[in-house]
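Okay, here's what each chain looks like letter by letter:
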Amino acid sequence: MYRILIAEDDNDVRDLVSFNLEREGITPIPAKDGIEAVELANREIPDLVILDLMLPGRNGFAVFKELRLDSRTKGIPVLMLTAKAQLDDVIAGLELGADDYLTKPFSPKELVLRVKALLRRSKVTTGNAVVKVGKFQLDKNTLHCFIDGDKVDLTPTEFKLLLLMVEREGSPQERADLLREVWGYRDTAHTRTLDTHVKRLREKIGKFACCVETVRGVGYQFRNIA
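What counts, and at which threshold
Residues numbered from 1 in each chain as written. Predicted model: local features only at pLDDT ≥ 70, side-chain atom pairs only at ≥ 80, totals over all residues. Heavy atoms only, no water. Helix = DSSP H or I, 4+ residues; strand = E, 2+ residues; numbered from the N terminus. Core = buried A, V, L, I, M, F, W, Y, C linked by side-chain atoms within 4.5 Å. Buried < 20%, exposed > 50% of the residue type's maximum accessible area, 1.4 Å probe, protein only. Contact = heavy atoms within 4.5 Å. Pairing = 2+ DSSP bridges. Salt bridge = Lys/Arg side-chain N within 4 Å of Asp/Glu carboxyl O. Axes fitted to C-alpha atoms, helices over the stretch in contact; angles between N-to-C directions.

Each neighbour pair has its own omega, and for Lys104 with Pro105 the value is -5°, a cis peptide bond. In this structure, Leu143 is a non-glycine residue whose phi angle is positive, near 60°. With respect to the secondary-structure elements, Leu143 resides in the loop between β7 (136-139) and β8 (144-147). A positive phi angle is found at Asp148, which is not glycine, with a value near 55°. Mapped onto the elements of the fold, Asp148 is located in the loop between β8 and β9 (150-152).

Structural data, given as structure tokens:
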């Protein structure tokens, strides 16, 4: 059974999210402020964190940074849930490394779909599932990425994005397809989510960033040119 930390100071919102997750067989771990959220995350090690940005005690950005600095929690997927719908806030969260976001008011059904998509991306597979292309090696069992023998620390979402492109090497991937297959989005309204994740991915793979190419008017593609 999955367990999800809900860091939300609004009692009604926290109860609504908890109720809808429990209907899906997911155990909610409620936290009413940023300090409690960090404590519970370190103690419980949840499968996913739903994180409000406007938390008392310690805001969501500070909580997120602490989670990513701790080896026990740095790999946990994070869905930012916030009333701050301004583009700058969304981009700031994504650039920090958040896996996804929703703005309030939100549809509980949409929230559950996003949560399930994130959990699928972080789930370990079974069997022989190592993909090798050039100097890139991606292990679906552990979600580990190695480039030229060196491990690259990717989030589950960054791993899924890179894996999808590597498996389709040389084939341009349309934005709509990437958004649907990686995030589960049904439209292209979240195109900045894709662009921000590609930017972070390129930063992490360093000198091999040239392998992730922008295809103007289409989207992105992986080419083994390193």
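Back to the text.
Our focus in this paragraph is the nonpolar core. In terms of nonpolar packing, the biggest core is built from 31 residues, with Phe136, Leu161, Leu162 and Ile205 touching the most fellow members. Contributions of two or more residues to this core are made by β6 (130-133), β7, β8, α6 (156-167), α7 (175-183), α8 (191-205) and β12 (219-222). Among the elements that take part in this core, α6 stands out by supplying seven residues, more than any other. In this structure, Ile205 is in contact with Phe136, Ile147, Val152 and Val212, ignoring residues within four places of it in sequence. The next biggest cluster of nonpolar side chains, apart from the first, holds 23 residues, and it includes Leu40, Leu51, Ala98 and Tyr101.

Next up on the list: the pairing of β7. In this sheet, β7 lies alongside β6 in antiparallel orientation, the contact comprising four bridges. Bridging from a neighbouring strand, Val131 pairs with Leu138 of β7. Bridging between β7 and β8 involves four bridges; their strand directions are antiparallel. Opposite Phe136, over in β8, you have Ile147 as the bridge partner.

On to the pattern of salt bridges. Scanning the entire structure with this criterion turns up 20 salt bridges. In this structure, the salt-bridge partner of Asp195 is Arg175, at a minimum N-O distance of 2.8 Å. In this pair, Asp195 sits in helix α8 while Arg175 sits in helix α7, placing the two residues 20 residues apart along the sequence. In this structure, a network of salt bridges that share partners links the residues Arg3, Arg43 and Glu44.

Turning our eyes to something else, we now look at the sheet that holds β8. Spatially, the four strands line up as an open sheet ordered β6-β7-β8-β9, and their pairing is antiparallel. Edge strands, defined here as strands with exactly one partner in the open sheet, are β6 and β9. In this sheet, adjacent strand axes meet at a mean angle of 25° when their direction is disregarded. Sitting on the sheet, α6 is in contact with β6, β7 and β8, with an inclination near 120° to β7.

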